[in-house]
Amino acid sequence: MTGTGPHGWLILDKPRGLGSTQAVGAVKRVLRAAGHGKVKVGHGGTLDPLAEGVLPIALGEATKLAGRMLDASKTYAFTVTFGQQTATLDTEGEVVATSDHRPSAAEVQAVLPRFTGAIEQVPPAYSALKVDGRRAYDLARAGEEVTLATRAVTIHALDLLDSGPDYATLLAHVSKGTYIRSLARDIAHALGTVGHVTFLRRNHAGPFTEAQAISLDILEEIGKGAPLEDHLLPLEAGLDGIPALNLTPEDAQAVRQGRVLSGQPQADGLHLATLADVPVALVEVAGGTITVVRGFNL
């Protein structure tokens, strides 16, 4: 490979209490300590500090794919505790509403189909969405009334994992832009009560799973000399399900220069163009014409 430094994905099992930006900072520090110098590092989708689980961290040329990871669907396990709604819809905020009503497991199960498929939801006031150029959570913290527009999201699957007298733990496979805190709030309201999220874990982010995720302890070991390669997934792991398109050296040269190739037999759609297994570019094929979407310097 011609590109220096590591390129690919480290999948972090982010602990509760750590922000996504702090996680990126920890990876940068560890890579420096391991002698990898200045590596470009980014994450594939924010995870709230109070949430835990799969946080894909992109290194080097993989950072060009981090934006695509934001569009990927995600799977979360979460617990809604009934009886209290908080300002933040999680354990951080003060209680703003209470209810004595506690739904049964059968009632929870019965309401889930209403929240499966294409649904509309209002994002939490405590979110990073912008209102007139300011972050919603900054306005909410300042005590201002925050009104966010309803958005369309898709809940691919929603299952009840466990329940007790005052809680329900659910597994949700959701489209990009879905707020689990809003989903929990709305499910509680549909059950004639109020609730907030007391546990949130991301099990999947796009093609990445918790089985591939490493703990902060293992990350620290890399800084002390453990081989990074043991945990680094290749750049193309972030493009699971996108077919490869093998190029000739001449075509690879043309693609690297950003030239359009025509007369190609491949089906329309996104492809990962490679030269002898080395990713060259993410390309769009349309009517036999190949156009570069993102080029990789590897």
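Residues numbered from 1 in each chain as written. Predicted model: local features only at pLDDT ≥ 70, side-chain atom pairs only at ≥ 80, totals over all residues. Heavy atoms only, no water.

Participant: Sorry if this is basic, but what is going on with the pattern of salt bridges here?
Facilitator: Should their charged atoms come close, side chains of opposite charge can pair. Taken as a whole and judged by the stated rule, the model has nine salt bridges. One salt bridge in this structure joins R181 and D48, with 3.5 Å as the shortest N-O distance. Here the residue R181 occupies a position in helix α5 (residues 180-190), and D48 occupies one in the loop between β2 (41-43) and β3 (52-59), the gap between them amounting to 133 residues. The salt bridge partner of R134 is E144, with a shortest N-O separation of 3.6 Å. One end of the pair, R134, is in strand β9 (residues 134-135); the other, E144, is in the loop between α4 (136-141) and β10 (151-164), and ten residues separate them in sequence. For E144, a relative accessible area of 40% corresponds to the partly exposed category. Put simply, D13, E52, R201 and E210 are held in one network by salt bridges that share partners. (Salt bridge = Lys/Arg side-chain N within 4 Å of Asp/Glu carboxyl O. Helix = DSSP H or I, 4+ residues; strand = E, 2+ residues; numbered from the N terminus. Buried < 20%, exposed > 50% of the residue type's maximum accessible area, 1.4 Å probe, protein only.)

Participant: Whenever I open this one, the packing of helix α1 (residues 20-33) against helix α6 (residues 216-223) confuses me. Can you help?
Facilitator: When two helices pack together, you describe them by how their axes are tilted relative to each other and by the distance separating the axes. Relative orientation of the contacting elements α1 and α6 amounts to 30°, with a least axis distance of 7 Å. The angle between α1 and α6 falls in the class roughly parallel. From α1, A26, V27, R29, V30 and A33 reach across to α6, where they touch L219, E220, I222 and G223. Split into classes, the residues belonging to the contact of α1 with α6 amount to six nonpolar, one polar and two charged. (Axes fitted to C-alpha atoms, helices over the stretch in contact; angles between N-to-C directions. Parallel < 35°, antiparallel > 145°, perpendicular 65-115°, else oblique. Contact = heavy atoms within 4.5 Å. Nonpolar A, V, L, I, M, F, W, Y, C, P; charged D, E, K, R; others polar.)

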